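Per-entry structural report
Next come the chains, spelled out residue by residue.
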Amino acid sequence: MEFLDSAFMQRALLAAVLVGITAPAIGIYLVQRRQALMGDGIGHVAMTGVGLGFLLSTSPVWMAMAVSVVGVVIMELIRWYGKTRGDIALAMLFYGGMAGGVMLINLAPGGSTANLQSYLFGSLSTVSQSDLVSICVLAGFVAVVTIGLRRQLFAVSQDEEFARVTGLPVRVLNLLVAVTAAATVTVAMRVVGLLLVSALMVVPVAAAQQLTRSFAATFAIAVAIGVTTTLGGTITNYYVEIPPGATIVLLTIAAFIVFSLIAAPLARRRARAAAGSAGDPAECAIPGRIPGQAGAEV
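Residues numbered from 1 in each chain as written. Predicted model: local features only at pLDDT ≥ 70, side-chain atom pairs only at ≥ 80, totals over all residues. Heavy atoms only, no water.

Along its length, the protein carries 13 helices and zero strands. Ordered by position from N to C terminus, the α and β elements of the protein give α-α-α-α-α-α-α-α-α-α-α-α-α. Partitioning the intrachain contacts of the protein with sequence separation of at least 6 by distance along the chain shows that 76% fall at a separation of at least 24. Of the roughly 14,100 Å² of accessible surface on the protein, 68% is carried by carbon and sulfur atoms. (Helix = DSSP H or I, 4+ residues; strand = E, 2+ residues; numbered from the N terminus. Contact = heavy atoms within 4.5 Å. Areas by Shrake-Rupley, 256 points an atom, 1.4 Å probe, with all protein chains shown as cover.)

Note that side chains of opposite charge can pair when their charged atoms are close. One pass over the full model with this rule turns up two salt bridges. The salt bridge partner of Glu 76 is Arg 33, with a shortest N-O separation of 4.0 Å. Of the two residues, Glu 76 sits in helix α3 (residues 60-81) while Arg 33 sits in the loop between α1 (7-32) and α2 (38-55), which places them 43 residues apart along the sequence. Between Arg 164 and Glu 161 there is a salt bridge, and its shortest N-O distance comes to 3.0 Å. Here Glu 161 and Arg 164 lie together in helix α8 (residues 160-165), a separation of three residues that amounts to about one turn. Glu 161 sits in the exposed class, given a relative accessible area of 52%. (Salt bridge = Lys/Arg side-chain N within 4 Å of Asp/Glu carboxyl O. Buried < 20%, exposed > 50% of the residue type's maximum accessible area, 1.4 Å probe, protein only.)

Right, let's get into the side chain of Ser 214. Tracing the backbone shows Ser 214 in the loop between α10 (197-209) and α11 (215-239). Given the relative accessible area of 14%, Ser 214 is considered buried. In terms of polar contacts, Ser 214 uses its side chain to reach the backbone amide nitrogen of Ala 217, at 3.2 Å. (Polar contact = N/O pair within 3.5 Å; in protein donor to acceptor, adjacent residues only side chain to side chain.)

A few words on the packing of aromatic side chains. According to the stated counting rule, one finds four aromatic pairs in the structure shown. With a centroid separation of 5.7 Å and an interplanar angle of 40°, the aromatic rings of Tyr 29 and Phe 215 are classed as tilted. Of this pair, Tyr 29 sits in helix α1 while Phe 215 is found in helix α11, placing the two residues 186 residues apart along the sequence. As far as burial versus exposure is concerned, Tyr 29 and Phe 215 are alike and both buried. Taking 4.9 Å as the distance between ring centres and 65° as the angle between the ring planes, the aromatic pair formed by Phe 154 and Phe 215 counts as edge-to-face. In this pair, Phe 154 is assigned in helix α7 (residues 150-158) and Phe 215 in helix α11, connecting sequence segments 61 residues apart. (Phe/Tyr/Trp six-rings, centres within 6.5 Å; stacked < 30°, edge-to-face > 60°.)

Now the structure itself:
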């Protein structure tokens, strides 16, 4: 446990825990909305913010957050009004963001693409005290939104038309999900990197869905996987000189494989139990839960 004596490891571990919580917390809504790769697109746009931060000699974290918010607003506008040309516009936005980041950081005094490496792939040893404060503030915002508004966000993610009929402000909630995803990418870029953050937002959720049916259980297990893998990758990086971001993502994928292997026999057991209960007349006479409704528990 000697790694706890190091100040930079204390900052790295705290940042890892916050990322492990926030990434799956917003990722579950993106998966429900079938926008699993949204985090990847935001990461491309955030590169322009990082480059702008270096150019203006200000905080790359907050500048990345500001540019990401502008980017996700444009993404939502394209999704609402883009129609058939929307995918082309999004592609230009994503790759323009990446190119803009490279260009701006090279224009910065003393800047080079080497400065981008820690933001692209994560660098726990460079997490400063000011970075940690920014990460804590943004993580708090993500936690408040994803937990405090979970019922509304779940309803919108499941069925926008039904949510609109019930009186929910669908477009406002969609925009809030996008902005929260932008904040999550900004939180995670110092730990797993802009190019790998999408995996941490999606894979823990996909792993949890192998075993659970309810939203609450999926949320809890996905966050547990996120925290475990980020801490595991961070501690491994302390003892072995390997990239922390790549290690965390590979551990997350390994967790998905393990959960998938566990889920297969459980699924067969559930199928046999369902087949047995279907032939029981007494069971048919008692009203119960409609099959498939477990996923609607929030």
